[in-house]
Every structure is written in C-alpha cells, then in structure tokens.
Amino acid sequence: MSLTEDIKDFALDLGYSRVGITTADPFPGYISELRARQDMYAFYINRPTSPLKGAEPRNVMPSAKSIVMVVYDAFKESFPEKLVGKIGRIYQARCYLSPSHRINGARYRLMRDFLENNGCHVDHKIRVPERLAACRAGTVTYGKNGFAFADGIGSFIIISGFVIDRELEYDAPTYEVKCPPKCTLCIDACPTGSLYEPMKIDPRRCIGFNHWTTQEKGDSPVGKEGSYILPEIREKMGTWIHGCDICQEVCPRNQERLKAQLPQNEFLARVAEDFELTKLLNLTDEFFTKRVRPLMYNYIHKKKYFQRNAAIAIGNTGDPSFIPDLTKAMQDTEGMVRGYAAWGLGRIGGSRTRKILESSLSGETDEFAKAEIQAALGIN
Ligand code: SF4
Ligand code: SF4
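Along each chain, the written sequence defines residue order, and numbers are assigned to residues from 1. Each chain takes a letter, starting from A, and each ligand takes a number, starting from 1, following the order in which they are written. Per-residue local features are limited, in this predicted model, to residues with pLDDT of at least 70; the limit for side-chain atom pairs, both in listing and counting, is 80 or more; totals at the level of whole chains, interfaces and linings are taken over all residues. Side-chain metrics rest on all non-hydrogen atoms present in the structure, leaving aside hydrogens and water.

Caption draft 1: How the structure looks around the site of ligand 2. Whether a residue is near a molecule or strand is decided by its heavy atoms; if any one of them lies within 4 Å of it, the residue is near. As a structural note, the neighbourhood of ligand 2 is formed by G143, K144, N145, C179, P180, C183, L185, C186, C251, P252 and R253. Put simply, the grid is 1 Å and covers the protein atoms alone, a cavity is a trapped set of points that fit a 1.4 Å probe, a pocket is an open set with protein on both sides within 12 Å along at least five of seven lines, and lining residues have an atom within 4 Å of a point. Put plainly, a molecule is in a cavity or pocket when over half of its atoms are within 2 Å of the grid points there. With respect to the pocket detection grid, ligand 2 is positioned in the largest cavity. Under the scheme applied here, ten amino acids are nonpolar (Ala, Val, Leu, Ile, Met, Phe, Trp, Tyr, Cys and Pro), four are charged (Asp, Glu, Lys and Arg), and all others, including Gly, are polar. Residues of the shell around ligand 2, tallied by class, amount to seven nonpolar, two polar and two charged.

Rendered as structure tokens:
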C-alpha cells in the first residue's frame, strides 16, 4: 500500500467521512478575494495566524508539498431542541481544533501524530483556507451560502487540513457550486443581509461573527468598534447566542439530514437538560463551569460576552415573563451586562420596563450602561 492509501485508511478509521489530498500550491483566488474585501475581513487578516499566510503554505513551510484534507460529519446524531436556535450545530458538535484533550482536537492530534509517525513533517501552525482546500482536494463542493457541502452529508461538517512535506497522489478538484441554479433561499433568509450575494458574506453583519469577534477588540463605548453590537444587528439576532444556522437550515441540500430520524447524542442531551437563556444571562460560576464551558469552550472566553448575547436573545423574545431576569441583570457588576440588559428591557417595552429603566438610570455610573438605558428610554 502507498502512503497515500495508508493516510486515507487511517483518516477514515478515525471517523472522518471524507479525505482528499491536494498540492501545497498557493490559493491565489482566495488571496485576491480577501484583499479586495479587506475592510470586511480586517479582524481576520490581522490575526497572528493570518489566513493570507495559510494561503501560501510554502512561504511558511518551504518544504511543503501536499495538503491532506479531512472532513468530519458533525450531524450523525440529533441536536437537542433546547439548544437548536440558540447554539449553532457545528459548535454543539465541538468543532474546535484545540484543546487536544477534547473530541475534535484529539481526533486532529491523532491524525497529525499518524502523519508524523509515518515520516511526514507537519506544520503545526499553518491554517489553509479550509473550504477551498477541501474543494481542491475533491472532498466537497460549494454552496451559494459560502459553506462547503459534502455529498450525502450536507454542510454541517468540520474541515481540517494538514500541510506536509511529502509528495502524494492527488485527487481531482471539485470546484463546483452544486446549488439549483435559481435557488436563493439562503440569501433571502439571512436576517442581517450579511449574505449579500452568492458566495459573499460581510462578516461584520453576520450573527455568529458578532457573537465572538466583537470580544477580540475589547470593550468599547457606544457606537465604537469592539464589543459593541449595533442595535440594528441585535434586533435581527433572534435567540441565537453562539453562531447562527439560518442559511444552512433553509438549504435544500441539508434537508435530508435535518429531517432524518437520528439517534440522540447523550452528552448534548445532558447539557441541554437545564440549559436556559436566563441562566446564561445571570451566569453563576457553577452554571458557567457545568453547562457553558463543556459545550462552548472556545471562541468566547469571558462570562460577560455570554451574558451580553443572552440579554440580546432574551430581549428579542419580546416576552414580559423575562422582565425579572433582565431586572436582576441590571444589578450585574459588569457595565456591559447592565447595558445590554437595558436594551433587552427596552426591546420588551411597556410601562413596567420603563419604570425599571428610569430607576436604574439615576444610580448608573458606567458610561456604556448609562447610554444604553437612555437609548432604551428614548432619551438622546
Ligand atoms: S450565519 Fe446567519 S447571519 Fe450569518 S450569513 Fe448565515 S444566515 Fe446570515
Ligand atoms: S439555499 Fe439554495 S442557493 Fe443557498 S446554498 Fe442551499 S441550495 Fe445553494
């Protein structure tokens, strides 16, 4: 058996559903696309692991010859009703590459160990453009929503790549947008207009990106870039608190899996048992440790951002039964949490919330919270 066959067998044995191999040649189309839209992608381009570096693997690893692309089917089991519509399925499936003692990180490490134990040098830092590399390796096709789809599975997949210094046998690329020509369901369904034309997303408007990238620049005053989420986006975030699946849920290419009777995932069922937005809003250390961190251990690291996202989600329910929870959050030690709780109260509206906001305003010393209370009261 060749090394190519050994690698493919091992990947499939590890539980990956697709494996393909492509060259370590650059991805010039990806680079020019990112550069053309660098105002939208500044937060991403300027990261230490800049995707522009990953798009030219040999600039980082001169000996790079091949990229092994693996695809994991993240939708083999059902997702609990209590979590759907709040946490994106791929995050429920713990899609992160780190830490290596959690499920996907461990699978990724085992694959990397196998390659290294078989004489390959594997670069540990390069992050290739995963969807594009997976297309070039013949494992997926594109959808107009920008997601990669594996035939027979759909787009709820986790894609990972390994840049290695060995020449292998390469697969034929599958650069194809396999959507029905007239379908625009995903574009029409995107609540924020983030998906503005086929294959083009403005991440600054995407719900999921607002959930976590806004934390990276730290706290910011009203209206300034940073943790601040524009009110017009907040209103469209629905009850999502970590990611958004809307443009995948409406997709005909995902319907077979979405409608399938799948076995229950016992871990998720256990976490979902007492998962409530109100607990996320008024987050105790115990709930954070027992319910939030086991599920959402990457991307969002600080309690207050989960609380912010929960305040927005609760506000968007418009349900007055949540007023006591939001009122309690108005006493939180973090000004950010008080500010978003105020927005949530304003969104629910009515004379009761107005009284709560008015009485909070006089004692509020945090500038952000104060501005949000005033905005909720309609005071300019
Ligand atoms: S994930 Fe949600 S907000 Fe982002 S592009 Fe898709 S539908 Fe729009
Ligand atoms: S909703 Fe339609 S256009 Fe969008 S990705 Fe799915 S099939 Fe393609």
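Anyway, onward from the coordinates.
Caption draft 2: Quick peek at empty space enclosed by the protein. Grid points are joined across faces, edges and corners, and a volume is the space filled by probe spheres set on the points. Under the counting rule described, the total for this entry stands at two cavities of 30 Å³ or more. Taken as a whole, the largest cavity holds about 70 Å³ of empty space. Taken together, K144, N145, F149, C179, P180, C183, L185, C186, C251, P252 and R253 make up the lining of the largest cavity. Residue classes in the lining of the largest cavity are distributed as eight nonpolar, one polar and two charged. The calculated volume of the second largest cavity comes to roughly 40 Å³. As for the second largest cavity, its lining consists of L97, Y108, I126, R127, V128, E130, S160 and G161.

Caption draft 3: Molecular detail of the site of ligand 1. Taken together, the residues surrounding ligand 1 are C190, P191, T192, S194, L195, C206, I207, C244, I246 and C247. The residue makeup of the shell around ligand 1, split by class, is eight nonpolar, two polar and no charged.

Caption draft 4: Broad picture of the pattern of salt bridges. What counts as a salt bridge is simple: a side-chain nitrogen of Lys or Arg found within 4 Å of a carboxyl oxygen of Asp or Glu. Evaluated as defined, the whole model comprises 21 salt bridges. Residues R205 and E232 are paired through a salt bridge, measuring 3.0 Å at the closest nitrogen-oxygen approach. Here R205, found in the loop between β7 (200-201) and α10 (207-216), pairs with E232, found in helix α11 (residues 231-234); they are 27 residues apart in sequence, far enough to count as distant. Under the scheme applied here, a residue whose accessible area is under 20% of the maximum for its type counts as buried, over 50% as exposed, and between as partly exposed, the area being computed with a 1.4 Å probe on protein chains only. With a relative accessible area of 22%, R205 lands in the partly exposed category. Here the residues in one salt-bridge network are E33, R37 and K200, joined through shared partners. Helix and strand definitions here come from DSSP, where helices need a minimum of 4 consecutive H or I residues and strands a minimum of 2 consecutive E residues; each element is numbered from the N-terminal end.

Caption draft 5: Expanded view of the nonpolar core. Think of a nonpolar core as a cluster: buried Ala, Val, Leu, Ile, Met, Phe, Trp, Tyr and Cys residues, connected wherever their side-chain atoms sit within 4.5 Å. Counting 82 residues, the largest nonpolar core has V68, L115, F162 and L280 as its most contacted members. Among the elements that line this core, the one with the most residues is helix α19 (residues 335-348), at eight residues. What fixes the domain bounds is an automatic or database domain assignment. Both domain 1 (3-164) and domain 2 (192-237 + 274-377) contribute no fewer than three residues apiece to this core. In what follows, residue pairs with any heavy atoms lying within 4.5 Å of each other are defined as contacts. Those residues within four positions of V68 in sequence are excluded, and the remaining contacts are I7, V19, G20, I21, L115, S160, G161, F162, I164 and L168.

Caption draft 6: Up close: the sheet that holds strand β5 (residues 157-164). Pairs of strands are assigned from DSSP output, requiring at least two bridges between the strands. Sheet architecture is open: three strands sit in the order β1-β2-β5, paired in antiparallel fashion. The open sheet is flanked by β1 (18-23) and β5, the only strands paired with a single partner. Across the sheet, the mean angle separating the axes of adjacent strands is 20° when strand polarity is ignored. Pairing geometry for β1 and strand β2 (residues 66-73), over six bridges, is antiparallel. Bridge pairing links V19 to V70 in β2. Relative to β1, helix α1 (residues 3-13) is tilted by about 145°, and along the sheet it contacts β1 and β2. The strands touched by helix α7 (residues 103-117) within the sheet are β2 and β5, with β5 carrying the most contacts at an inclination of about 25°. Think of each axis as a best-fit line through the C-alpha atoms, taken over the contacting stretch in the case of a helix, with angles from 0 to 180 degrees between the N-to-C directions.

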